[in-house]
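Results of the structural survey
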Amino acid sequence: MKNRAAENDTICAIATPPGEGGVGIVRISGQAAGQIAASLYRGTPSWDNLKSHTATFAEVVDPKNSTLIDEALFLPMFAPRSYTGEDVVEIQTHGNPLILKKVLSAAILQGARLASPGEFTRRAFMSGRIDLAQAEAVMELVAAKSDIQHQWALGQLKGRLSAKISILKKKLLAVLAEIEASIDFSEEELPLNSREEIASSICGILSPMRALLAGYEVGRQIREGFTVVIMGRANVGKSSLMNHFLQEDRAIVTPIAGTTRDLLQEPVDLAGLSIKLVDTAGYRETTHPVEQEGVARATRVQKQADLVLWILDSSQALTKDDFYLAKMLQGRPLIIILNKRDLPLVLDEEVLRLRYPNTEFISISIKSDTGLKALSDCIKSRLIVSPEKEPPMLALLRHRNALVAAESALSAALVSVQGGLSWEFPAIDLRDALDALGEIVGETTLDTLLNEIFGQFCIGK
Ligand SMILES: Nc1nc2c(ncn2[C@@H]2O[C@H](COP(=O)(O)OP(=O)(O)O)[C@@H](O)[C@H]2O)c(=O)[nH]1
Ligand SMILES: [Mg+2]
């Protein structure tokens, strides 16, 4: 991998989250990391005899006056086998913000500079240890909230997307080489069929690119989490279902219609998926202004939902409000839930089934805890097309935009080749496509963009 311009100053930061904890870590990276850590170190063996990648228990002292700051573990990791690819020393003290600040100040007085957000990871990228897509994966890994997000971030850190991009780039380069060779020949001198062959090679690159792009929407949802909205008329059990999924009495449940008036949003981890669950005000015709606003909010939020859970009360006949909802929810991604099956069935299911022939119907009773596992399974299978399949590789908008640019440049190249245009035209398009792919892994990425990407990290990462 490319080794970019090395940084020549040494940075430091507190790498653990703010607050008290068992352990707190100050991380120092750069050419002077060893020398700076040595001035804070008091113990045996002497600093020069410490082994790389081996932790040593010693005292951390203020080099100004040799006063003791704490007992600590010193962990030197010398270049290139470190997170940043530079000399790194981690000083692990007791997890007290006051102690950590003293260690940090001492390191700064000895010549280190306070790291900016994401600077350690940026250095790992600059030293060529990881590419840009992998650097972004570090942030995703730190922020992952569900199994599937965790799995996706790990895959990207391990270079799943990078490997795919590298294959596409190799193929593109091969086609570009052929085209550039053709530039030097007149059309008559070229071997027969070469335009067709080149066109078919381009198609061979376009199709995996389009497959990658096709996975983006699911990838994005996995990364951002899904929004699931509970809808239904008043008193059918919406808030009871919310509480069931949260496993706590979060929403107020009463037999009084109109109890829930605002949107109630809570994150839940449902069968390994990260979900934002939204309870809404029950739909009913009302003149009360607060309730009207609640109903308006419910109507708005369901339009952005990845899935709507529409609850009905199976112990009662359909009402005018149900019919209104039936109309509103037509065409939405929907599961129809018939609640209160512990009570005698009154609702005429057939009317609904006729209107919603392709929608799943699930009978449950929240009160007697029946059908709820089937409901969870149904929600999961609706959100992920195939739960066994690996998550898609593309989930970041930046990657998608670069790939869209590559795809459109390559499509233009194909048109030029098939249209018999001069070879210079597709050559330009192919170079654009290569640049766009290079942007994903950070080979052709502008400094301003790098600042933006790494600026989203926390300090110390
Ligand atoms: N019998 C029975 N009552 C239920 C069931 N689920 C909810 N309820 C009751 O229905 C009423 C309305 O529930 P709530 O969750 O507040 O409904 P919401 O207005 O749709 O949010 C409450 O008295 C609940 O205890 C159920 O499965 N069976
Ligand atoms: Mg409610």
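Residues numbered from 1 in each chain as written. Chains lettered and ligands numbered in written order. Predicted model: local features only at pLDDT ≥ 70, side-chain atom pairs only at ≥ 80, totals over all residues. Heavy atoms only, no water.

Topic: the sheet that holds strand β10 (residues 273-279)
To keep it simple, the criterion reads: Only strands joined by at least two bridges in the DSSP assignment are considered to pair. Helix and strand definitions here come from DSSP, where helices need a minimum of 4 consecutive H or I residues and strands a minimum of 2 consecutive E residues; each element is numbered from the N-terminal end. Each axis is a line fitted through C-alpha atoms, taken for helices only over the stretch in contact, and angles between the N-to-C directions span 0 to 180 degrees.
Spatial strand order, β9-β10-β8-β11-β12-β13: six strands in an open sheet with mixed pairing. With partners counted over all chains shown, the strands left at the sheet margins are β9 (264-270) and β13 (360-363), one partner each. Taken pair by pair, the neighbouring strands of this sheet meet at an average axis angle of 25°, ignoring direction. Across four bridges, strand β12 (residues 334-339) lies against β13 in parallel orientation. Following the sheet pairing, Leu338 is matched in β13 by Ser363.

Let's talk about the packing of helix α6 (residues 160-183) against helix α7 (residues 194-214)
We count it as follows: Roughly parallel here means an angle under 35 degrees, roughly antiparallel means over 145, roughly perpendicular means 65 to 115, and every remaining angle is called oblique. Handedness of a crossing is defined here by the sense of rotation of the near helix relative to the far one, left-handed for an anticlockwise turn of less than a right angle and right-handed for a clockwise turn. Should any heavy atoms of two residues lie within 4.5 Å, those residues are counted as being in contact. Residue polarity is assigned by list, with Asp, Glu, Lys and Arg as charged and Ala, Val, Leu, Ile, Met, Phe, Trp, Tyr, Cys and Pro as nonpolar; anything else, Gly included, falls into the polar class.
In contact at an axis separation of 10 Å, α6 and α7 are set at 160° when each is read in the N-to-C sense. Accordingly, the angle class assigned to the pair α6 and α7 is roughly antiparallel. In the packing of α6 onto α7, the handedness of the crossing is left-handed. Note on element contacts: α7 touches α6 through Ile198, Ser201, Ile202, Ile205, Pro208, Met209 and Leu212, opposite Lys164, Leu168, Lys171, Leu172, Val175, Glu178, Ile179 and Ser182. Considered class by class, the residues forming the contact of α6 with α7 number 10 nonpolar, two polar and three charged.

As for the packing of aromatic side chains
Rules: Pairs were defined over the aromatic rings of Phe, Tyr and Trp, the Trp ring being its six-membered one, requiring ring centres within 6.5 Å. Orientation was assigned from the angle between planes: stacked under 30 degrees, edge-to-face over 60, tilted for the rest. We call a residue buried when its accessible area falls under 20% of the maximum for its residue type, exposed when it is over 50%, and partly exposed in between, using a 1.4 Å probe and counting protein chains only.
Summed over the entire model, instances satisfying the criterion amount to six aromatic pairs. Between Tyr41 and Trp47 the ring centres are 5.3 Å apart and the planes differ by 70°, which places this aromatic pair in the edge-to-face class. With respect to burial, Tyr41 and Trp47 carry one shared label: buried. Centre to centre, the rings of Tyr41 and Phe74 are 5.0 Å apart; their planes meet at 90°, and the pair counts as edge-to-face. Highlighted residues: Tyr41 in strand β3 (residues 41-42) and Phe74 in strand β5 (residues 68-77), separated in sequence by 33 residues. Overall, the relative accessible area of 9% leaves Tyr41 in the buried class. Given the relative accessible area of 0%, Phe74 is considered buried.

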